[in-house]
Amino acid sequence: MRRKDDQLDQLRLGESLSTAQLRRAWREVLVQLLPQLAPTSRHYLEAVEPLEIEGDLVVLRLDSSFGRHWVAHRHRQAIEALLSQSLGQLVRIELVGSDQAPPSPEPTAAVHAPQPSPPADLPAPQFNPQLSFETLIVGHSNRLAVAAAQAVVVMPGKRYNPLFLYGAPGLGKTHLLHAIGQAFLQRYPHSRVVYMSAEAFVRDYVQAVRNGCAEAFRNRYRAVDLWLMDDVQFLAGKERTQEEFFHLYNALYTANRPLVMSSDKPPRELDGIEERLRSRFEQGLCADIAPPDYEMRIAILCAKAEREGIALPIQIAEFIADKIHSNVRALEGVLTRLIAHSSLYGVPITLELASDALRDYLVEVPPCEINLQTILAAVCEEFGIGFRELVGKSRRSDIVSIRQIAVHTARELTGESWLKIAQALQRNDHTTVMHAYRQIEQRLPRDPQLRETLNRIRTRIQRRSRPL
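Residues numbered from 1 in each chain as written. Predicted model: local features only at pLDDT ≥ 70, side-chain atom pairs only at ≥ 80, totals over all residues. Heavy atoms only, no water.

**Considering the overall build of the protein**
Link 1 in the chain: From N to C terminus, the protein includes 20 helices and eight strands.
Link 2 in the chain: Taking all 468 residues of the protein together, 49% fall into the buried category.
Link 3 in the chain: Excluding contacts between residues fewer than 6 apart, the proportion of contacts in the protein whose partners are at least 24 apart in sequence is 74%.
Link 4 in the chain: Of the roughly 23100 Å² that the protein leaves accessible, carbon and sulfur atoms contribute 50%. (Helix = DSSP H or I, 4+ residues; strand = E, 2+ residues; numbered from the N terminus. Buried < 20%, exposed > 50% of the residue type's maximum accessible area, 1.4 Å probe, protein only. Contact = heavy atoms within 4.5 Å. Areas by Shrake-Rupley, 256 points an atom, 1.4 Å probe, with all protein chains shown as cover.)

Spelled out as structure tokens, the structure:
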């Protein structure tokens, strides 16, 4: 009788025994490694495919070039140690891959097939090639929005229609719109795509009315295959434009044409937008984008530095990520300023230079000393409980949830060890706080209220912290 492991690891067609053993060893590595890691690292490691083992060399495939850099820099030693243990021999790893996306299948009969050519009066959308899915850093703050955006491209008009993206400025809504548009055109090269801001739509409509071309305006936009609109909140208070957009929306939605819109607020909070429009925005999926966490901020900085061809020391990325919490634009602005200073003055990138680059960005959020005590105090204040109750023995579900939030916030903002966080909560076993962190990580993608709570706590911490 064959053992269970043999059944799980049956040879694939044309596969060697050593490769099958490598697949099993890689699964064991993930089981041991993933629970200890933050979302960005888990995202990249779960995308790794073990290819082959030749002598002491294990070849792993990861298509993202930044992902390869991230895994090699942060996790190479741990991976090599665990693989060596599982395979019973010392091994080293090599990360390979191509950043070329796999060819997309032809659209099926169930998917709306775009028309062969765009109308002459429909200008080609102007997309930034840097704002693609490949350059997007994914974390728990944007995972739902990214997955929904990719689904719109794969099954246009059938999945999440409309898709409504919302979040504070600078968190990546425009990046996602550009990514959707470019991926859609790659998949359906002759499709008709409109990407515009709500402000541009208003101007275009007003001009059409003035010139007596309202009917041509309607015909032009009702013939599109993908509608992308940024900053929908700009339609507020413009009744005639909202009326026109309402009818355009209905025409596209009825024809199963995908619609994707972005706003700084969810539909229900859009003052000055008619109820009939707000309700239609909620017909599909509303996905919020939250501020990036600490590790995601580091990943964003390293990815931008790589695109710029700059070797950014990891300690510099960590320093900037620790000081800028608000949005992606501010992070990239600091890095652009830092690179410019380094290039103009011919000096290396140092912590002192990074401090100078940060100066203009810290008017509203000064550099603060954030420690575990500050964080626990802010959590107690947020939920109206005492410190003794937070660190006590109570197993009430509400108290347990608050402790988990405290653990997650402490880990994200300070990067302290599990042991130190456990000691701050007067716990002897650090595995308890590791479990608490994972519980919050699992809830975050599907719990917008939890994300809002974590953001409020972060704001409290900034207020309570004293300037350095």
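**Some thoughts on the sheet that holds strand S1 (residues 49-54)**
Link 1 in the chain: In space, the three strands of this open sheet follow the order S1-S2-S3, with mixed pairing throughout. The two strands at the open ends of the sheet, each matched to only one other strand, are S1 and strand S3 (92-96). Here the average twist between neighbouring strands, direction ignored, is 25°.
Link 2 in the chain: Bridge count for S1 against strand S2 (residues 57-61) is five bridges, and the pairing is antiparallel. Counterpart to Glu49 in the pairing with S2 is Arg61.
Link 3 in the chain: Those strands touched by helix H2 (residues 17-33) are S1 and S2, and its axis lies near 130° from that of S1.
Link 4 in the chain: On the sheet, helix H4 (residues 65-87) packs against S1, S2 and S3 and is oriented at approximately 140° with respect to S3. (Pairing = 2+ DSSP bridges. Axes fitted to C-alpha atoms, helices over the stretch in contact; angles between N-to-C directions.)

**As for the sheet that holds strand S5 (residues 193-197)**
Link 1 in the chain: Strand order across the open sheet formed by five strands is S5-S6-S7-S4-S8, with parallel pairing between neighbours. Whereas interior strands pair on both sides, the edge strands pair on one side only; in this sheet they are S5 and strand S8 (285-288). Pairs of neighbouring strands in the sheet enclose a mean axial angle of 15°, with direction left out of account.
Link 2 in the chain: Direction of pairing for strand S4 (residues 163-166) relative to S8: parallel, over a ladder of four bridges. Note that in S8 the partner of Phe164 across the bridge is Cys286.

**Regarding the confidence of the model for the protein**
Regions with low pLDDT carry predicted coordinates that are not meant to be interpreted in detail.
Link 1 in the chain: Per-residue confidence for the protein gives a mean pLDDT of 81; residues scoring 70 or more make up 87%.
Link 2 in the chain: This model gives residues 1-9 a pLDDT under 50, and the stretch forms eight contacts once residues within four places in sequence are excluded.
Link 3 in the chain: Counting interchain partners and residues more than four positions distant, the pLDDT-below-50 stretch residues 99-113 has 18 contacts. (pLDDT = per-residue confidence, 0-100.)

**A closer look at the packing of helix H11 (residues 294-307) against helix H13 (residues 328-345)**
Link 1 in the chain: Where H11 contacts H13, the two axes come as close as 10 Å, and the packing angle between them is 45°. As summarised for this structure, H11 and H13 are arranged oblique, according to the angle between their axes. The handedness of the crossing between H11 and H13 comes out as right-handed. Two secondary-structure elements touch here, H11 through Arg297, Ile300, Leu301, Lys304, Ala305 and Arg307 and H13 through Val328, Leu331, Glu332, Leu335 and Thr336.
Link 2 in the chain: Across the contact of H11 with H13, the residue classes break down as six nonpolar, one polar and four charged. (Parallel < 35°, antiparallel > 145°, perpendicular 65-115°, else oblique. Left-handed = near helix turned anticlockwise from the far one by under 90°. Nonpolar A, V, L, I, M, F, W, Y, C, P; charged D, E, K, R; others polar.)

**Some remarks on H4**
Link 1 in the chain: When the terminal C-alpha atoms of H4 are compared, their 27 Å separation across 23 residues is substantially less than the 33 Å that a helix rising 1.5 Å per residue should span.
Link 2 in the chain: At His75, H4 shows its strongest bend, of approximately 75°.
Link 3 in the chain: Phe66, Gly67, Arg68, Trp70, Val71, His75, Ile79, Glu80, Leu82, Leu83 and Ser84 are the residues of H4 that are buried.
Link 4 in the chain: Phi turns positive one or two residues past the end of H4, at Gly88, with a value near 75°. (Expected span 1.5 Å × (residues − 1). Bend = angle between axes of the 7 residues up to and from the residue.)

**Structural notes on the side chain of Ser191**
Link 1 in the chain: Of note, Ser191 is situated in the loop between helix H6 (173-187) and S5.
Link 2 in the chain: A polar contact is formed between the side chain of Ser191 and the backbone oxygen of Tyr188, at a distance of 2.8 Å. (Polar contact = N/O pair within 3.5 Å; in protein donor to acceptor, adjacent residues only side chain to side chain.)

**Some points on the pattern of salt bridges**
Link 1 in the chain: Summed over the entire model, instances satisfying the criterion amount to 24 salt bridges.
Link 2 in the chain: Close ionic contact of Arg278 with Glu275 constitutes a salt bridge, the shortest N to O distance being 2.7 Å. Placement of the pair is Arg278 and Glu275 together in helix H10 (residues 275-281), with a separation of three residues, close to one helical turn.
Link 3 in the chain: Glu332 is paired through a salt bridge with Arg307; the nearest N and O atoms lie 3.7 Å apart. (Salt bridge = Lys/Arg side-chain N within 4 Å of Asp/Glu carboxyl O.)

**Describing the packing of helix H7 (residues 198-210) against helix H8 (residues 214-221)**
Link 1 in the chain: Where H7 contacts H8, the axes come no closer than 8 Å and their chain directions differ by 140°. Our classification of the angle between H7 and H8 gives oblique. On H8, the residues that touch Phe201, Asp204, Tyr205 and Ala208 of H7 are Ala214, Phe217, Arg220 and Tyr221.
Link 2 in the chain: Of the residues that constitute the contact of H7 with H8, the class distribution is six nonpolar, no polar and two charged.

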